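Listed below are the residues making up each chain.
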Amino acid sequence: VSVSRAIKPFAEPGRPPDWFSQKHCASQYSELLETTETPKRKRGEKGEVVETVEDVIVRKLTAERVEELKKMIKETQEKYRQLKKDAELIQAGHMDNRLEELCNEIMMWVISLS
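What counts as what
Residues numbered from 1 in each chain as written. Predicted model: local features only at pLDDT ≥ 70, side-chain atom pairs only at ≥ 80, totals over all residues. Heavy atoms only, no water. Domains from an automatic or database assignment. Contact = heavy atoms within 4.5 Å. Buried area = accessible area lost by both parts, 1.4 Å probe. Salt bridge = Lys/Arg side-chain N within 4 Å of Asp/Glu carboxyl O. Polar contact = N/O pair within 3.5 Å; in protein donor to acceptor, adjacent residues only side chain to side chain. Nonpolar A, V, L, I, M, F, W, Y, C, P; charged D, E, K, R; others polar. UniProt positions renumbered as here; feature names shortened; annotations may be inferred. Helix = DSSP H or I, 4+ residues; strand = E, 2+ residues; numbered from the N terminus. Axes fitted to C-alpha atoms, helices over the stretch in contact; angles between N-to-C directions. Parallel < 35°, antiparallel > 145°, perpendicular 65-115°, else oblique. Left-handed = near helix turned anticlockwise from the far one by under 90°.

In the nomenclature of an unreviewed UniProt entry, the protein chain is known as BRD8 protein of Todus mexicanus.

*Asks:* Please give an account of the domain arrangement of the protein chain that cites residues and values.
*Replies:* Each domain of the protein chain was delimited in the assignment, giving domain 1 (1-35) and domain 2 (51-113). A separation of 27 Å is found between the C-alpha centroids of domain 1 and domain 2. The interface of domain 1 with domain 2 comprises five residues on the first partner and seven residues on the second. Roughly 390 Å² of surface becomes buried between domain 1 and domain 2 when both sides are summed, with 63% attributable to carbon and sulfur atoms. The largest share of the area that domain 1 buries against domain 2 comes from Tyr29, Leu32 and Leu33, three residues that together contribute 77% of it. Taken together, domain 1 and domain 2 are joined by zero salt bridges. Between domain 1 and domain 2 we count one residue pair in polar contact (both at pLDDT 80 or more) in total. Looking at side-chain class alone, the side of domain 1 that touches domain 2 contains three nonpolar, one polar and one charged residues.

*Asks:* How would you sum up the UniProt feature "coiled-coil region" (unreviewed entry) in the protein chain? Please name residues and give values.
*Replies:* UniProt records the feature "coiled-coil region" (unreviewed entry) for residues 59-93 in the present numbering. Secondary structure across residues 59-93 comprises 94% helix and 0% strand; the distance between its end C-alpha atoms is 51 Å.

*Asks:* I'd like a description of the packing of helix H3 (residues 53-91) against helix H4 (residues 99-113), backed by residues and values.
*Replies:* Contact pair H3 / H4: the axes reach a minimum separation of 12 Å and the direction vectors enclose 155°. The angle between H3 and H4 places the two elements in the roughly antiparallel class. For the crossing formed where H3 meets H4, the hand is left-handed. For the pair formed by H3 and H4, the contact residues are Thr76, Lys79, Leu83, Asp86 and Ile90 on the first element and Leu99, Leu102, Ile106 and Trp109 on the second.

Structure (structure tokens):
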């Protein structure tokens, strides 16, 4: 319960209400454990830190999330460049016939960010 409650504030929009249920969290964690390769233990001195399955999962999920965020940043930057270009064309008077259409596109984009 504490895990599902703790991660709920980080929910992405569009997740179903039961996404953070105790049962769903447990099944996702179980699936992660099954699909993650168990690190091989190394012989060494006592007290040596050995990587656990949990460490592997955290590293893998962190890397995936970093890639997702990079992709989102790239998409946002591309959209910004396009909007900036459109704004320059509008100010120059070259897009007067498409103003309403562009306004609707911008509004939809703003709504999708919220």
